[in-house]
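What follows is each chain in one-letter form.
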Amino acid sequence: MSNVTVIGTQWGDEGKGKIVDWLASRADIVVRFQGGHNAGHTLVVGDQVYKLSLLPSGLVRGKIGVIGNGVVVDPKALMTEIDRVTAQGLVVTPETLWIAENAPLILPVHGALDRAREAARGDHKIGTTGRGIGPAYEDKVARRAIRICDLAEPETLDWKLDELLLHHNTLLAGLGAETFTKDQLKDFLAEITPRLLPFSCQVWDRLDEGRRAGRRILFEGAQAVMLDVDHGTYPFVTSSNTVAAVAASGSGVSPSSVGFVLGIAKAYTTRVGEGPFPTELHDQTGRTLGERGHEFGTVTGRPRRCGWFDAVLIRRAVRVGGVSGIALTKLDVLDGLDEISICVGYELDGQKIETFPSAPGAQARVKPVYETMPGWKETTAGARSWAELPAQAIKYVRRIEELIEAPVTLLSTSPERDDTILMRDPFED
Ligand code: GDP
Ligand code: IMO
Ligand code: MG
């Protein structure tokens, strides 16, 4: 019996939330370990739709949800989300939600700086979610973040805010944006403290107790390997590491606790925001995938860019992320297509290359080399067993396994929780 860590293998929105919700029935504790409310996970359970950004998806199953120290926490966004899911009938209390007291806070200055910098970048913008994620992580490594545990020592906040504002107001003023006063931030912190502090605890200690008691932990990654600050399409990435190794440092557990690494991959590819995307389709097929897959960002509502499955990128995500198996989602979106293409290599300036380059100029110039297969006319939507899948869809899945050098252990055939096919239980590995 092992723990399971779920990560995205493309540019996010692969359906991690749906898969985590489905797997959570087999887990006791679900842990978010990086990212923040830039994530957006849609879960469909019967006629209820849950949209989660910061709360671990396992809360929907009534499991204990944990926000680890590797997450950047926007307290107002968190409270709004708690209020929303409470209105939908979920129970979120300090017994069911544990938040690491050493997690850094996202403050109003961070969102303001994120948006001001994006505006100043003009044509070179990253296309961030504008939620202050990058600036909050910068403050963490610069050692000027306000962490949740600081709220319990209000007498120390004065000089911390002085240091923080010296930095941020200088930048905001330089960018021609509105600056902040210390009183504004003090009022913000005073307002959120009474509601936030009761959730905070030493998460590492409780997870260790859980381990000793034989509890199963499901680590829920946000974003994806191609958005990883080291391994992704830098600088068009998010500001955290998204690979499975971070599940340990981002929650305070042993590296051996990561367990089975389940990489989530869409049966095609999407991306929100700017940056290279070799298999992007600008034609009717791209629009068809977007319409059929309802490809609009959960967080910002932006239409997602769509393209064919890129096996070269996923093979890299498998290796870098230590992926043990793949959950392939949204197979149903390909139903009825005459032909389906898979990217099996690239050409760069007329030369064949087998891996994705690192420099952004080269990443933007690579041209995909495709292998094309016939599609299938039957529907896979809602299939719950391998036997229900058309032969040609099975061929597609098998070819993907060969190309990415990893087994497909789960398949998802609709947004609905139970439209899922299990080939190998990751917790039993
Ligand atoms: P996440 O960020 O990785 O959790 O993914 P999102 O929730 O942002 O985006 C995935 C979208 O696809 C959501 O709207 C899901 O409800 C939906 N979805 C997940 N799995 C499937 C599937 O197998 N088929 C279809 N058609 N939709 C799916
Ligand atoms: P989930 O967990 C898709 C993208 C943004 C932008 C880049 C940097 O739902 O898969 P940031 O605000 O993080 O500084 O933006 O990263 N991005 C995501 N794209 N899914 C996400 O999360 C994302 N989180 C960030 O669009 O391109
Ligand atoms: Mg998402």
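Residues numbered from 1 in each chain as written. Chains lettered and ligands numbered in written order. Predicted model: local features only at pLDDT ≥ 70, side-chain atom pairs only at ≥ 80, totals over all residues. Heavy atoms only, no water.

**With respect to the domain arrangement of the chain**
Cut-off, in case you're wondering: The split of the chain into domains comes from an automatic or database domain assignment. Note on contacts: a residue pair is in contact if any heavy atoms of the two residues lie within 4.5 Å. Take the accessible area each of two parts loses on contact, using a 1.4 Å probe, and add the two losses: that sum is the buried area. The definition of a polar contact used here is a pair of N or O atoms within 3.5 Å, where within protein one atom must be able to donate a hydrogen and the other to accept one, and adjacent residues in sequence count solely through side-chain atom pairs. Strands are runs of DSSP state E lasting at least 2 residues, helices are runs of H or I lasting at least 4, and numbering of each runs from the N terminus. In this classification, the charged set is Asp, Glu, Lys and Arg, the nonpolar set is Ala, Val, Leu, Ile, Met, Phe, Trp, Tyr, Cys and Pro, and all remaining amino acids, among them Gly, are polar.
Entries for the chain in the domain assignment read domain 1 (1-101 + 202-267 + 308-331 + 380-429) and domain 2 (108-196). Of note, the centres of domain 1 and domain 2, computed from C-alpha atoms alone, are 29 Å apart. With 26 residues of domain 1 in contact, the opposing surface of domain 2 contributes 17 residues. When domain 1 packs against domain 2, close to 1,700 Å² is buried across both sides, 66% of that on carbon and sulfur atoms. Counting across the domain 1 and domain 2 interface gives six residue pairs in polar contact (both at pLDDT 80 or more). Of all elements in the fold, only helix H2 (75-87) and strand S6 (97-100) reach the threshold of two or more residues within the side of domain 1 that touches domain 2. Tallying contributions element by element places H2 first for the side of domain 1 that touches domain 2, with six residues. The residue inventory of the side of domain 1 that touches domain 2, partitioned by class, reads twelve nonpolar, eleven polar and three charged.

**Section: the site of ligand 2**
For clarity, the cut-off: To be near a molecule or strand, a residue needs just one of its heavy atoms within 4 Å of it. The accessible surface values rely on the Shrake-Rupley method and a 1.4 Å probe; as for residues, cover is taken only from the protein chains in view.
Near ligand 2 you find 20 residues, and of these Asp-13, Lys-16, Asn-38, Thr-129 and Thr-238 are the closest. Between ligand 2 and Gln-223 there is a distance of 2.9 Å, counted from an oxygen atom to a backbone nitrogen or oxygen. In isolation ligand 2 has 550 Å² of accessible area, and contact with the protein removes 97% of it. Classifying every residue of the shell around ligand 2 gives seven nonpolar, ten polar and three charged. No fewer than three residues from each of domain 1 (1-101 + 202-267 + 308-331 + 380-429) and domain 2 (108-196) sit in the shell around ligand 2.

**Thoughts on the site of ligand 1**
Near ligand 1, the surroundings consist of 18 residues, among which Lys-16, Gly-40, Thr-42, Asp-332 and Ser-412 are the closest. A distance of 3.3 Å separates an oxygen atom of ligand 1 from a polar side-chain atom of Arg-304. In this structure, Lys-330 approaches ligand 1 through a main-chain N or O atom, which is 2.9 Å from an oxygen atom. Burial of ligand 1 by the surrounding chains reaches 93%, relative to a free accessible area of 580 Å². Every element with two or more residues in the shell around ligand 1 is listed here: helix H1 (16-23) and strand S3 (41-45). Ranked by the residues each element gives to the shell around ligand 1, the list is headed by H1, at three residues.

**Quick look at helix H7 (residues 203-212)**
Which entries qualify depends on this criterion: Three exposure classes are used, based on accessible area relative to the maximum for each residue type with a 1.4 Å probe and protein chains only: buried under 20%, partly exposed in between, and exposed over 50%. What the arc measures is the spread of directions leading from the helix axis to the C-beta atoms.
All of the buried residues in H7 are Val-203, Leu-207 and Gly-210. Burial along H7 is one-sided: seen end-on, the buried residues are contained in an arc of 55°. Packing partners of the buried residues in H7 comprise strand S2 (29-32), strand S5 (64-67), S6, strand S7 (200-201) and strand S8 (217-220). Following H7 by one or two positions, Gly-214 has its phi on the positive side, about 80°.

**Side note on helix H5 (residues 157-174)**
Stated precisely, the cut-off is as follows: To estimate how far a helix should extend, the number of its residues minus one is multiplied by 1.5 Å. To get the bend at a given residue, fit one axis to the seven residues ending there, fit another to the seven starting there, and take the angle between those axes.
In this model, H5 (18 residues) spans 25 Å end to end at C-alpha, consistent with the 26 Å of a helix rising 1.5 Å per residue. For H5, the principal kink sits at Leu-165 and spans about 25°. The set of residues buried in H5 consists of Leu-157, Lys-160, Leu-161, Leu-164, Leu-165, His-168, Asn-169 and Leu-172. At its buried positions, H5 is contacted by helix H3 (108-121), helix H4 (133-141) and helix H6 (182-196).

**Examining the coordination of the magnesium ion (ligand 3)**
Using the following cut-off: Donor criterion used throughout: N, O or S atom within 2.8 Å of the metal, extended to 3.2 Å for Na, K and Ca. Water excluded; incomplete-looking sites may result.
Around the magnesium ion (ligand 3), the protein supplies Asp-13 (OD) and Gly-40 (O) as donor atoms, at distances of 2.0 to 2.1 Å. Residue Asp-13 is located in the loop between strand S1 (4-8) and H1, and its partner Gly-40 is located in the loop between S2 and S3; the two are separated by 27 residues in the primary sequence. Each member of the pair, Asp-13 as well as Gly-40, is classed as buried.

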